[in-house]
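A closer look at the structure
Here are the chains, one letter per residue:
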Amino acid sequence: MVPVKDRIIKVTFNADVHASLQWNFRPQQTEIYVVPGETALAFYKAKNPTDKPVIGISTYNVVPFEAGQYFNKIQCFCFEEQRLNPQEEVDMPVFFYIDPEFAEDPRMVNVDLITLSYTFFEAKEGHQLPVPGYN
């Protein structure tokens with residue numbers, strides 16, 4: 001993978017929590033700058049402020065939607081149950097890169113901002129979260 005050094009992309013981070021989950025969840029950085037073909041590491045922080053253990057699970061999305069096919073997560077906490085004990089706070093890493101082919105796609109020529117957004121839900125027995133797909 002060869003980095004495309006002349007194409008700088010700003011990646012911003014968003015965090016949401018469904019009303020059923022009483023966690024505090026936020027990105028530890030608001031933005032980072034990356035170039036296609038280079039890996040990057042970002043962190044989110046989650047805290048269970050309640051007095052009982054809670055299991056959460058997250059989904060994510062990438063905006064603009066068309067850029068999602070180039071956003072590759074190497075390591076991520078999404079779609080895996082995360083158990084937080086009472087008052088526990090954890091760092092959650094996201095290790096990712098933007099595919100260098102991003103720079104070759106004419107639809108991406110004016111895209112210099114990508115937002116990675118996670119939403120945490122309380123994990124329910126037998127409940128499956130939808131996996132995002134791209135056309």
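Residues numbered from 1 in each chain as written. Predicted model: local features only at pLDDT ≥ 70, side-chain atom pairs only at ≥ 80, totals over all residues. Heavy atoms only, no water.

We count it as follows: UniProt positions are given in the numbering used here, feature names are shortened, and annotations may be inferred rather than shown by experiment.
Per an unreviewed UniProt entry, the chain goes by Cytochrome c oxidase assembly protein COX11, mitochondrial and derives from Myotis myotis. The Function (unreviewed entry) comment attached to the chain in UniProt states, word for word, "Exerts its effect at some terminal stage of cytochrome c oxidase synthesis, probably by being involved in the insertion of the copper B into subunit I." Under the UniProt heading Subcellular location (unreviewed entry), the entry covering the chain gives this text: "Mitochondrion inner membrane".

Description of the pattern of salt bridges
How we decide: Whenever a carboxyl oxygen of Asp or Glu lies within 4 Å of a side-chain nitrogen of Lys or Arg, that contact is scored as a salt bridge. Helix and strand definitions follow DSSP, with helices as H or I runs of at least four residues and strands as E runs of at least two, each counted in order from the N terminus. Burial classification: accessible surface area is computed with a 1.4 Å probe over protein chains only, and a residue below 20% of its type maximum counts as buried, one above 50% as exposed, and the rest as partly exposed.
Within this structure, the stated rule accounts for four salt bridges. Among the salt bridges present, the one from K5 reaches E38, with a minimum N-O distance of 2.5 Å. One end of the pair, K5, is in the segment before β1 (9–17); the other, E38, is in the loop between β3 (31–34) and β4 (39–47), and 33 residues separate them in sequence. Close ionic contact of D105 with R107 constitutes a salt bridge, the shortest N to O distance being 2.9 Å. For D105, a relative accessible area of 10% puts it in the buried group.

Here we look at the side chain of T50
What counts here: We define a polar contact as two N or O atoms separated by no more than 3.5 Å, with the added condition that, inside protein, one atom must be a possible hydrogen donor and the other a possible acceptor, whereas residues neighbouring each other in sequence contribute only through side-chain atom pairs. Here, two residues are considered to be in contact whenever any of their heavy atoms come within 4.5 Å of each other.
Within the element layout of this structure, T50 appears in the loop between β4 and β5 (54–63). A relative accessible area of 13% places T50 in the buried class. One polar contact links T50 to N48, side chain to side chain, over a distance of 2.6 Å. There is a polar contact of 3.0 Å between the side chain of T50 and the backbone oxygen of K52. With near-sequence residues (within four places) excluded, T50 lies in contact with Q22, P86 and Q87.

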